[in-house]
Amino acid sequence: MDELLGKVADSLEEGTVPARIFNDPQVHRLEMERIFTRCWVFVGHVSEIASPGDYMLRYIGQDEFIVTRDENNEIHVLFNRCAHRGSPICRVEKGNATHFRCPYHAWIYKNNGEWNGAPLRARAYRKLDPKEWGLQAAPLVDTVHGLIFACLDPEGPTLREYLGDMAWYLDVIFGLSPEGMSVIGEPQRWQVPTNWKMGADNFVGDSYHVASLHRSIEEVGAFPDIDVTGGNGPGKHVSFPQGHGLLLNSGYLPEPWDKGGFPPEVSATFDLDRLTPLQREFVAEHAVTHLLIFPNLAFLRVPAVTAPGEMPAVFTLLRQWQPLESDQVVNWNWMLRWNSAPEEFNETGYIGGLSQHGPSGILEQDDGLAWSGAPDVGRSAFARKREVKFNYQLGFDGMSDYSVDTEYPYPGTATTTMLGELPQLTMYRRWLKEMVRA
Ligand code: FES
Ligand SMILES: [Fe+2]
């Protein structure tokens, strides 16, 4: 493993990444131990557990957790395995309960994770200390604009520290309306044969693939002028040393709303006084269309049409790649609504958004197929013999007109164009930093 990680370090210097890291059981195991138990990982939105007692099953790496809201409105992220013999306790995706009872020997836990009893307790467990036998809980849990994150490392940074300057952009994206956003219905889940890093690699800043892989969406009239978001467009990459990254496209408040912005009846419900003067200046000029919070949470806000010829509607979604194996993920997709916006806007966005991104989304089919290749190469005996590396040299060292934009007045490292792969290289540097840290 040390040898492989050393090769990754050398590769990144020359703008390549060894294919092997996209499908290797040992790499995968180490990622679970060094990435997913140390990073802040998204586990859901507060609107999904709006009332005391609400709970839902979620995953950090390969581990299953019950995310609960207790009677005091506090959120807990509890390991869904019994402290007695490890039996799964909660067997349904979501619900409302004050207590959970293990099906095996019927130990009982409160929805805040505390041990609360067992059959024949007075005779069977005279000396058991309830404080020691509650459910294991994520030591750090916090929210930002309704997004719930958990960190399994008690020594970990605060969520704000972890997000770094990405927090500034989250304030801009989610802070527009004091009423905030909520999840529409259930998150969609489906399995895709890829490695979780391929999704992150794409959302952190792959603008280059849009005009080729997703060309068909323009051909069928479902997205006019797709080159707008292609690698050649007027946008920028913004990346952060923590491995997070985002894509900027043209302005969205108040015009041109059909290119990624909001119609006037929606932007009228926003309160820009909530933002700092610099943030207000930013929203007048730029829109964040894609972003990645390392390791595996993405955000997307782009226009979609519900049918060819219709005006596009802006939709917002959250996406997560839950790692199952080194070549399998569960895609999680949360469609969001602006609580202050007219219902018709939210509904059109929901339909248009799902027609592009979701289990049957037209763009989703494109991406899913393309992303299945990297784990094939990672696993291949032939490719391992050849030590195949993937190319991340777009914009690398004079390859294109792509450099750091030193005039960019907002947080993060911005680039002059989108014809490059600085965010991906930054993300893999972050990945490596955690992987080599014992
Ligand atoms: S395994 Fe849960 S009570 Fe025994
Ligand atoms: Fe895509």
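Calculation notes
- Residues numbered from 1 in each chain as written.
- Chains lettered and ligands numbered in written order.
- Predicted model: local features only at pLDDT ≥ 70, side-chain atom pairs only at ≥ 80, totals over all residues.
- Heavy atoms only, no water.
- Pairing = 2+ DSSP bridges.
- Helix = DSSP H or I, 4+ residues; strand = E, 2+ residues; numbered from the N terminus.
- Axes fitted to C-alpha atoms, helices over the stretch in contact; angles between N-to-C directions.
- Donors = N, O, S within 2.8 Å, 3.2 Å for Na, K, Ca; no water.
- Tetrahedral: all angles 85-135°; square planar, octahedral: opposite > 155°, others 65-115°.
- Buried < 20%, exposed > 50% of the residue type's maximum accessible area, 1.4 Å probe, protein only.
- Core = buried A, V, L, I, M, F, W, Y, C linked by side-chain atoms within 4.5 Å.
- Domains from an automatic or database assignment.
- Contact = heavy atoms within 4.5 Å.
- Salt bridge = Lys/Arg side-chain N within 4 Å of Asp/Glu carboxyl O.
- Phe/Tyr/Trp six-rings, centres within 6.5 Å; stacked < 30°, edge-to-face > 60°.
- Lys NZ or Arg CZ within 6 Å of the ring centre and 35° of its normal.

### A short note on the sheet that holds strand β4 (residues 63–69)
- Read across the open sheet, the 4 strands follow the order β5-β4-β3-β6; overall the sheet is antiparallel. Both outer strands of the open sheet, β5 (75–79) and β6 (94–96), are each paired with one neighbouring strand and no more. Taken pair by pair, the neighbouring strands of this sheet meet at an average axis angle of 30 degrees, ignoring direction.
- Relative to β5, β4 runs antiparallel, the two being bridged by 5 bridges. Bridged to F65 within β5 is F79.

### Considerations on the coordination of the iron ion (ligand 2)
- Within the protein, the iron ion (ligand 2) binds to H209 (NE2), H214 (NE2), D367 (OD) and D367 (OD); these donor distances fall in the range 2.1 to 2.5 Å.
- Taken together, the 4 donor atoms surrounding the iron ion (ligand 2) define angles of 54 to 151 degrees at the centre, an arrangement classified as irregular.
- Summarised as a motif, the one-chain spacing of the donors to the iron ion (ligand 2) is H-x4-H-x152-D. Of this pair, H214 sits in the loop between α7 (210–213) and α8 (215–219) while D367 sits in helix α12 (residues 362–371), and the two are 153 residues apart along the sequence.
- Residue class for H214 comes out buried when judged on its relative accessible area of 2%.

### Topic: the nonpolar core
- Ranked by internal contacts, the top residues of the largest apolar core, which has 101 residues, are Y169, F282 and W431.
- Domain assignment of the residues forming this core places at least three in each of domain 1 (42–151) and domain 2 (164–436).
- Leaving out residues up to four positions away in the same chain, F282 has contacts with W168, Y169, V172, L248, V288, Y408 and Y410.
- If you look at the next biggest cluster of nonpolar residues, it comprises 16 residues, including L57, C82, A118 and L135.

### A short note on the environment of E344
- If you trace the backbone, E344 turns up in helix α11 (residues 343–356).
- E344 gets classed as exposed once you look at its relative accessible area, which sits at 64%.
- Residues E344 and H45, spaced 299 residues apart in sequence, show a C-alpha to C-alpha distance of 22 Å.

### Some details on the pattern of salt bridges
- Scanning the model with the defined rule gives 22 salt bridges in all.
- Between E186 and K94 there is a salt bridge, and its shortest N-O distance comes to 3.7 Å. Here E186, found in the loop between β12 (181–183) and β13 (188–192), pairs with K94, found in strand β6; they are 92 residues apart in sequence, far enough to count as distant.
- D405 is paired through a salt bridge with K236; the nearest N and O atoms lie 2.8 Å apart. With D405 in the loop between β20 (389–391) and β21 (413–414) and K236 in strand β14 (residues 236–239), the pair connects residues that are 169 residues apart, well separated along the chain.
- Residue classification places D405 among the buried residues on the basis of a relative accessible area of 16%.
- Each of the salt bridges in this network shares a partner with another, and the network as a whole consists of R38, R430, E434 and R437.

### Some remarks on the pairing of strand β17 (residues 297–304)
- Among the 8 residues of β17, 8 are classified as buried, and the element is accordingly described as predominantly covered.
- Side chains L297, F299, R301 and P303 project from β17 onto one buried face, and the interleaved A298, L300, V302 and A304 project onto a second face that is buried too.
- Sheet analysis places strand β16 (residues 286–293) next to β17, joined by 4 bridges and oriented antiparallel. Following the sheet pairing, L292 is matched in β17 by A298.
- Hairpin connection, β16 to β17: the antiparallel pair is bridged by 3 residues.
- In this sheet, strand β18 (residues 313–325) lies alongside β17 in antiparallel orientation, the contact comprising 8 bridges.

### Regarding the packing of aromatic side chains
- Overall, the coordinates contain 28 aromatic pairs when judged by the stated rule.
- Note on Y59 and W332: the rings are 6.1 Å apart at their centroids and 50 degrees apart in plane angle, and the pair reads as tilted. Taken together, the residues span a long stretch of sequence, with Y59 in strand β3 (residues 54–60) and W332 in strand β19 (residues 328–338) at a distance of 273 residues. Side by side, Y59 and W332 carry an identical accessibility label, which is buried.
- Their ring planes at 25 degrees and their centres at 5.6 Å tell us that W332 and W334 sit as a pair that is stacked. Accessibility classification places W332 together with W334 in one group, the buried group.
- In this structure an aromatic cluster arises from ring pairing among W168, Y169, F240, F282, Y408 and Y410.
- Against the face of W332 rests R189, its NZ or CZ located 5.3 Å from the ring centre.

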